[in-house]
Amino acid sequence: MRRALVIGLVAALCACGTALAAAGHLAADPLQDREWWLPQVGADQVASPGQGVPLSIVDTGVDASHPEFAGRPATTFLNAQTVSGQDEWRGTAVASVAAAPANGRGVVGVYPAAALQIWDASPDGTIDPPAAAEGVEAAAERCPGVIDLSFGSTEQDPALAAAVLAAVHRGCLVVAASGNRGDNTRVYPAALPHVVAVAATDESGQRAGFSSGGSWLDVAAPGTNVTVAVPLAHDPSGYEVSAGTTFAAPIVAAAAAWVWTARPHLKASQLVALLRSTARDVGPSGFDTATGFGIVDIPAALSAPAPRLDPDEPNDDVDQVKPGALFAGGEPALTTRRRPSARVGGTLDAAKDPRDLYRIWVPANRVARAVVAAGGDAAARMWGPATVGVHEGLRARRRDLRGPLVRGGTRGSAAYVEVLLTSRSSRADYRLRVRVSRR
């Protein structure tokens, strides 16, 4: 799906003369007139910001000698880069789609001035999941930020999944390509909880034939006929035309970093909701398994009201909220000895966030009850202090699942409130109230 671009002086000058002239990206780079995807996502309609929320690319290596990256401001190579293997052109290509600078050469990225971090996850020429996990961990040291993962597999890698979850816990937004299988097979890390899964669309705004999808999709972005930078050793011209969800993902990642830089008060969960709710609907009306909520729309995401906050994510199970389990501090208890009642709001999504779990403290000789207001779309149940997880076996479940209330016993104890979707809806906004009383 690639063809080389022979870029001579005459062609470059002609391209300069016909390049896009817009508020977002001035017509300065010779190949910009070929970047049909910039207007598709609204990147040509508003001026992009300067350096802000870091944008991290975890992929194959990036050619630091390429004209797009040699001397590029705000560019940090987090480890050594290699670009000599057969498939090692991809990292340079992905980074160029996201953040090639407006430097009068070649292409310009969606967010040209982004604070770019690059990690080479291909020490042996192909993406290595443990190396990718290390890259996610390195990128997460600067959360909040956006992390792009333009690769995938039908098999989950535990180390990579754990690194992604930890990055989300630290406040980062993780974006991943949905895959190029052209079917509904789940592809990871895109299908992981809390990851923004990106499908590809063509120049008509419809799903690209190769793009994978399913109920786990979030949004879409252009992914066909994409002009990209490639290592000079791969093609002396330094540019090719390619296709894939590999390039749709960095378009969304760059858009997310742009919006987050302009709206730094947002939390990652709000940014995800914003990208979904403001996406331009394509295909069947509403959410569909081919393009998710639609094509990401930067101007709409910049101007829409901030969505409801979904706090404490990830909080899908006990090990994510209990201190000393997955995360050293866990999550603060909603109720304490001094605060016997609490209210909190959140959102649920069947594909990416089907439950929220909250830790509470029930004082000695007291009873805690939980009530959810969600129009019948969500409900609550309570778990005792010995609960290991909401998927534990039948014997443990009989011991731990308490239903509508839980007692503190003679000494007081921790407990958990689970909010989950009912069968009525695949998504819900809810308000949870926890109240502790004598009985």
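Residues numbered from 1 in each chain as written. Predicted model: local features only at pLDDT ≥ 70, side-chain atom pairs only at ≥ 80, totals over all residues. Heavy atoms only, no water.

Caption draft 1: Just the pairing of strand 13 (residues 367-373), in detail. Where strand 13 meets strand 16 (residues 405-407), three bridges bridge the pair, whose relative direction is antiparallel. Paired with V367 across the bridge in strand 16 is R407. Taken together, the seven bridges between strand 13 and strand 18 (residues 427-437) define a ladder with antiparallel strand orientation. Paired with A370 across the bridge in strand 18 is V434. (Pairing = 2+ DSSP bridges. Helix = DSSP H or I, 4+ residues; strand = E, 2+ residues; numbered from the N terminus.)

Caption draft 2: Quick look at the sheet that holds strand 14 (residues 378-383). Taken together, the four strands give an open sheet; going across it, the order is 12-17-14-15, and neighbouring strands pair in antiparallel fashion. Unpaired on one side and paired on the other, strand 12 (355-362) and strand 15 (401-403) mark the two borders of the sheet. Each strand axis lies, on average, 35° off the axis of its neighbour in the sheet, ignoring direction. Sheet analysis places strand 14 next to strand 17 (residues 413-421), joined by six bridges and oriented antiparallel. Note on strand 17: the bridge partner recorded for R381 is E418. (Axes fitted to C-alpha atoms, helices over the stretch in contact; angles between N-to-C directions.)

Caption draft 3: Geometry of the state of the cysteines. In this structure the tally under the stated criterion is one disulfide. Covalently, C143 is tied to C172 through a disulfide, its sulfur atoms 2.0 Å apart. Taking the torsion about the S-S bond as the criterion, the C143 to C172 disulfide, at about -115°, is left-handed. Note that C143 is positioned in the loop between helix 4 (129-140) and strand 5 (146-149) and C172 in the loop between helix 5 (158-169) and strand 6 (173-177), a separation of 29 residues in sequence. No difference in accessibility class separates C143 from C172, as the two residues are buried. (Disulfide = S-S within 2.5 Å. Buried < 20%, exposed > 50% of the residue type's maximum accessible area, 1.4 Å probe, protein only.)

Caption draft 4: Up close: the packing of helix 4 against helix 5. The interhelical angle for the contact between helix 4 and helix 5, taken along N-to-C directions, is 10°, at an axis separation of 8 Å. By the criterion of interaxial angle, the relationship of helix 4 to helix 5 is roughly parallel. Of the residues in helix 5, those in contact with P129, A132, A133, V136, E137 and A140 of helix 4 are A159, L160, A163, V164 and A167. Residue composition of the contact of helix 4 with helix 5, grouped by class: 10 nonpolar, no polar and one charged. (Parallel < 35°, antiparallel > 145°, perpendicular 65-115°, else oblique. Contact = heavy atoms within 4.5 Å. Nonpolar A, V, L, I, M, F, W, Y, C, P; charged D, E, K, R; others polar.)

Caption draft 5: How the structure looks around the layout of surface pockets. Counted as a void, the largest pocket has a volume near 770 Å³. Taken together, 38 residues line the largest pocket, and the ones lying closest to its centre are A268, S269, V272, D310 and E313. Elements that contribute at least two residues to the lining of the largest pocket include exactly helix 5, strand 6, strand 7 (195-201), helix 7 (268-277), strand 11 (341-349) and strand 18. Per-element tally for the lining of the largest pocket: the top contributor is helix 7, with six residues. Of the residues that constitute the lining of the largest pocket, the class distribution is 19 nonpolar, six polar and 13 charged. Taken as a whole, the second largest pocket spans an internal volume of roughly 300 Å³. Surrounding the second largest pocket, 15 residues form its lining, L165, L192, P193, D316 and Q320 being those nearest its centre. Contributing elements (two or more residues each) for the lining of the second largest pocket: helix 5 and helix 9 (318-321). (1 Å grid on protein atoms, 1.4 Å probe; cavity = no way out; pocket = protein on both sides within 12 Å on 5 of 7 lines; lining within 4 Å. Points joined across faces, edges and corners; volume = space filled by probe spheres on them.)

Caption draft 6: Highlighting the confidence of the model for the chain. A residue-level look at the chain finds 94% of positions with pLDDT of 70 or above and a mean pLDDT of 92. Here residues 1-23 scores under 50 on pLDDT; set against residues more than four positions off or in separate chains, the count is 48 contacts. (pLDDT = per-residue confidence, 0-100.)

Caption draft 7: Structural detail: unusual backbone geometry. The step from C143 to P144 runs through a cis peptide bond, and the omega angle for that step is 5°. For P144, the location among the structural elements is in the loop between helix 4 and strand 5. With an omega of 0°, the peptide bond between E313 and P314 qualifies as cis. Structurally, P314 can be placed in the loop between helix 8 (298-303) and helix 9. One non-glycine residue with positive phi stands out, namely N225, at about 50°. By secondary structure assignment, the location of N225 is in the loop between strand 8 (219-222) and strand 9 (226-229). What makes N225 partly exposed here is its relative accessible area of 29%. Of note in this structure, D312 is not a glycine but carries a positive phi near 65°. You can see D312 is positioned in the loop between helix 8 and helix 9.

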